[in-house]
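Observations on the model geometry
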Amino acid sequence: MNKSTGTDGELKPIKSFLQSLIRRGIFRSVILGFLVISLMPLTVITIINYQRSHKFLTDEARTKLVIVAESKADQIQRFFQNRLSALLIQARLKSTVSMAKELRLSFETMGADLAEFTGSSEWTLMAEQHEEDIGFFLTSNSFYDFFIIDIEGNILFTDKREDDLGTNIFNGKYSDTLFGKVCQRTFEKEIPGFSGFENYGPSDDLSAGFLVTVIFDEYGEKLGLAAAQINTNIVEGIIQSISGLGQQGEVYLVDNDLRMIVSSRVSAESAVLLSPVKTEQTLLWQKEHLESVCPLIEKNDAFIYASRQGVRVLGLHKNIELAGLCIAVITEIPVSEAFKDVIKQRNAAGFILALTILFVVFLAFITAGRLTRPIRELSVATKRIAGGNLDQEILIDSGGEIGELADDFRKMIAKRKLAEIKLRQSKESAERLNEHLKNQTEIANKLAEQAEAASKAKSEFLANMSHEIRTPMNSVIGFSDLLSSLITDKKQKSYLESIQISGRSLLKLINDILDLSKIEAGRLKIQYEAVNPHIIFNEIIQIFQLKISEKNLDFIIDVDEDLPKLLLLDETRLRQILFNLMGNAVKFTEAGHIRLSVKKNYKGKDRSTLDLVISIEDTGIGIPQDQIQSVFESFRQQDGQSARKYGGTGLGLAISKRLIEMMNGQINVRSTIGKGSIFEITLGEVEVSSVSMAAVSPDISFDIKNISFENAQVLIVDDSEFNRVLIKESLILTGLDISEAENGQQAVLLSEESSPDLILMDIRMPVMDGYEAAKILKANPKTNDIPIIALTASVGIKEPKKIKQSGFDGYLPKPISLHDLTKELSRYLKRCEKDAQITPVRSSSIADTERIENLPGLMKALETEIMHEWKDLKGAMEMDVIEDFARKLTELSQAHNYKPLKGYADNLTEFVQSFDIEQIEHTLNEFPVIYDNVKGIQ
């Protein structure tokens, strides 16, 4: 065994401590500690001072920029305002008015076209007369050219005599220029206007703008227009002198279309002029300008953005108004120049902080080295000891914390051998424990195999039991149902009913056991579909109404009237739960009442889900508090309960509880001995269905008594003769041609020969079972279209799926219900309804009429009392009221000796006592015939 193994446990904490100090802790911790202690105050003070000075310097840079921008904007505004004032004065001078009149008069007098007039010697003479005054006006105001335009838009005079002279500015070739448009606007509105700047063709495409005003005569009549041309090089000279914008600062003007008019850094000849400048600043100005033309109050907030060259600048804009036209003055300075003092301060602070960090790190390294050197020596010694070198000496002197740690190492080495012995013993003990665990695992695996085999045996037993019991039960219940329609003797009929009740009880027991098996195996699935809960509750009420009335109990119904007509529920399982609980309530209650309550609680505002609360209350024997939970266990009944008196298997509540839980619900019980019990079911989050009622309403029109099939051949395949006879007798009145086979092989041969219209085939048969026969028939082109219905007494979990996969078109579980059999046949065979046979009420004979006592009194009683009560009864279906009505008819028939009336009353009483709703309705509908017979006797 490696010697180092024994000391690993003791060395590990110390070794880890030393490694954490050296590799991850003390050296780095000392350095970090020095940095934090030294740099924290300095950093805080530096940040505070930097923020204060940064704010001051930033505000100062913004303030300087605002001052420069306002100064430039005011200077440009005054320049244009002075030029407009000069033009207005010039337009009002007598010399200008006289010149305009002379030019117009000469033009009209000459009768030549405009170009000829402006090129004539007469025009030249008039121009020379005013040349001195016009020259002085242009020179003193820095104008490039001066225009006189008559009322029709003819340019009659320009000082520069360029290509626009002798053209019509309203509709000539320069009418679409900004100059032409402002002339038309000024002439129409009679207020001065400014065109904005454009590359003006007659002036060699120089960038120019035009101030225009109206010339009026001494009577106030319009003579024409006076216009002055300003080239951008004049404006450029104004903004060239930049103060406070550094070396790269810029001032430029843009118009409504964001075109650059003039710039302090771009010459007038540059192609940059009159090109769009779209920056955050110009777009902001354009937005403000569109919302409020030339606002009087402007924001002086400068902000940082990317300039047209992509450089980060600090800038702002100012509006100036030129004869109704807004122009933006944009002032920008690069951030590097605007905040150069801030940058210097930041660099200085960073430099000082970096020097401090270097100095502190240097001190930290020296101090950390002195502290960690002995720890490193101790770590080396630890590694050698861990490697098994127990002779390793610890040369560190005692004293201080490190010395104490070295002393602990020396003590540890002394205990090394003892630790190795203990480790060896622990290893041997662990090996013995592993061997024990291995044996226990083998035992557990064997037990698991036995449990799996037991589960498999249980499933096989249930499947075999289901088949073996259901097969004879099919005959018992089937032949009992056939005999029920043939036997009329009441005593024999009561015997037969006892057989039917016992058979159904045994079938219910089988179903309960199978349901419990499915639930325990986790294979029972809840099948949700849209159902009408009112129909379910009404069926439960009708089923138990007679039993409750026989025990003279009060039956209280409290179903919420606003309960939705359609809910997503498993109708079969809900009916099974209610049948179990209602059956128990009736069974254990001898006096008092039984109450069925149904309430709803919506879960949301949209009312798409609700909690369905069903409560069944009885005044029966009650359940002790310590046994409430045990009654929900399988095959368990209340202690002291008489099995002979109450019967039962103890499965109903167990199955009901598990079904409720599978349906996202719970069941609660409150009970008092001798006073009764309340079973409350809460089904949570039940969805309210939106499907139409037609899709889920039961087929109440399907009456097997009135069903007859068209000529068709049905092949019955079953190894049990009793089963074949039962099905044959059940279908004897349906008009079908029946043939028989004892096994699957015979069925295949007969099907190929006679091609039946439908095959009813048992699953388990000798020679060839139903699965194999169905596969052969479906694989044969001659027989693959014949519908095959499986008849099975096995209702295991996997049975329906296996039946479907084997090619069967449907299946019926045994015992087979005549209603289910007929309905399944009607899916594949053509059927027709028999004519309903209504037995007419027998007319009174002559002998009957001769023995009637006080016929007028009988007729009066029928007219004044009985007929009114009969009308109130229709549709009510209240059994006690109908029974009282029959009793009155019996008394009336006895008082007047009218036998047909007594026979009618006896039939109605019998149907009420047997709770035969269909016959009650039929009999009540026949009463008018009785009334008409009595009326006919008169």
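Quantities reported herein were computed from a predicted structural model and do not represent experimental measurements. Numbers given for residues are sequential positions, taken from 1 along each chain in its written order. The predicted origin of the model limits local features to residues at a pLDDT of at least 70 and limits the giving and counting of side-chain atom pairs to 80 or more, whereas totals for whole chains, interfaces and linings rest on all residues. In computing side-chain properties, one takes all heavy atoms of the structure into account and sets aside hydrogens as well as water.

Sheet strands pair by backbone hydrogen bonding; their relative direction is either parallel or antiparallel. Pairing between strands requires that DSSP locate at least two bridges from one strand to the other. The numbering of helices and of strands both runs from the N terminus, where a helix is a DSSP run of H or I of at least 4 residues and a strand a run of E of at least 2. Strands sit in the order β8-β7-β11-β10-β9 across an open sheet of five strands; the sheet is antiparallel. On the outer flanks of this sheet lie β8 (260-263) and β9 (303-306), each paired with one strand and no other. Sheet twist, expressed as the mean angle between neighbouring strand axes with direction ignored, is 35°. As defined by bridge partners, strand β10 (residues 312-322) adjoins strand β11 (residues 325-334) across ten bridges and the pair is classed as antiparallel. Bridged to L314 within β11 is I333. Docked against the sheet, helix α7 (residues 232-239) engages β7 (250-254) and β8, running at close to 50° with respect to β8. Note on definitions: angles span 0 to 180 degrees between N-to-C directions of axes, and those axes are lines fitted to C-alpha atoms, for helices only across the stretch in contact. Should any heavy atoms of two residues lie within 4.5 Å, those residues are counted as being in contact.

Considering the arrangement of structural elements, one finds F143 in the loop between α5 (131-141) and β1 (145-150). Think of it in three bands: residues with accessible area under 20% of the maximum for their type are buried, residues over 50% are exposed, and the middle band is partly exposed, with areas taken using a 1.4 Å probe on protein chains only. When its relative accessible area of 7% is taken as the criterion, F143 is described as buried. With 60 residues separating them along the chain, F143 and R83 place their C-alpha atoms 8.3 Å apart.

Ring pairs shown here join Phe, Tyr and Trp side chains whose ring centres sit within 6.5 Å, with only the six-membered ring taken for Trp; geometry is labelled stacked below 30 degrees between planes, edge-to-face above 60, and tilted in between. Taken as a whole and assessed by the stated rule, the structure comprises 21 aromatic pairs. Between F170 and F187 the ring centres are 5.7 Å apart and the planes differ by 55°, which places this aromatic pair in the tilted class. One end of the pair, F170, is in the loop between β2 (155-158) and α6 (178-189); the other, F187, is in helix α6, and 17 residues separate them in sequence. The burial state of F170 is the same as that of F187; both residues are buried. Taking the centre distance of 4.8 Å and the plane angle of 70° together, the rings of Y200 and F210 count as edge-to-face. Separated by ten residues along the polypeptide, Y200 in strand β4 (residues 198-200) and F210 in strand β5 (residues 206-216) bring together distant segments of the chain. Each member of the pair Y200 and F210 is classed as buried.

Another aspect to go through is a negative patch on the surface. Like-charged residues within 9 Å of one another, or nonpolar side chains (Val, Leu, Ile, Met, Phe, Trp, Tyr) within 5 Å, are grouped into patches, provided each residue has over 30% relative accessible area and no salt bridge. Exposure was quantified through the Shrake-Rupley algorithm and a 1.4 Å probe, taking into account, for residues, occlusion by the shown protein chains and nothing else. Any carboxyl oxygen of Asp or Glu within 4 Å of a side-chain nitrogen of Lys or Arg constitutes a salt bridge here. A residue counts as positive if it is Lys or Arg and as negative if it is Asp or Glu; His and the chain ends are not included. Throughout, a charge is located at the NZ atom of Lys, the CZ atom of Arg, the CG atom of Asp or the CD atom of Glu. A cluster of acidic residues, E128, E131, E132 and D133, forms a negative patch on the protein surface. For the negative patch, the element with the highest residue contribution is α5, accounting for three residues. Among the structural elements, E128 can be located in helix α4 (residues 121-129). Look at E128 and you get partly exposed, because its relative accessible area is 47%.

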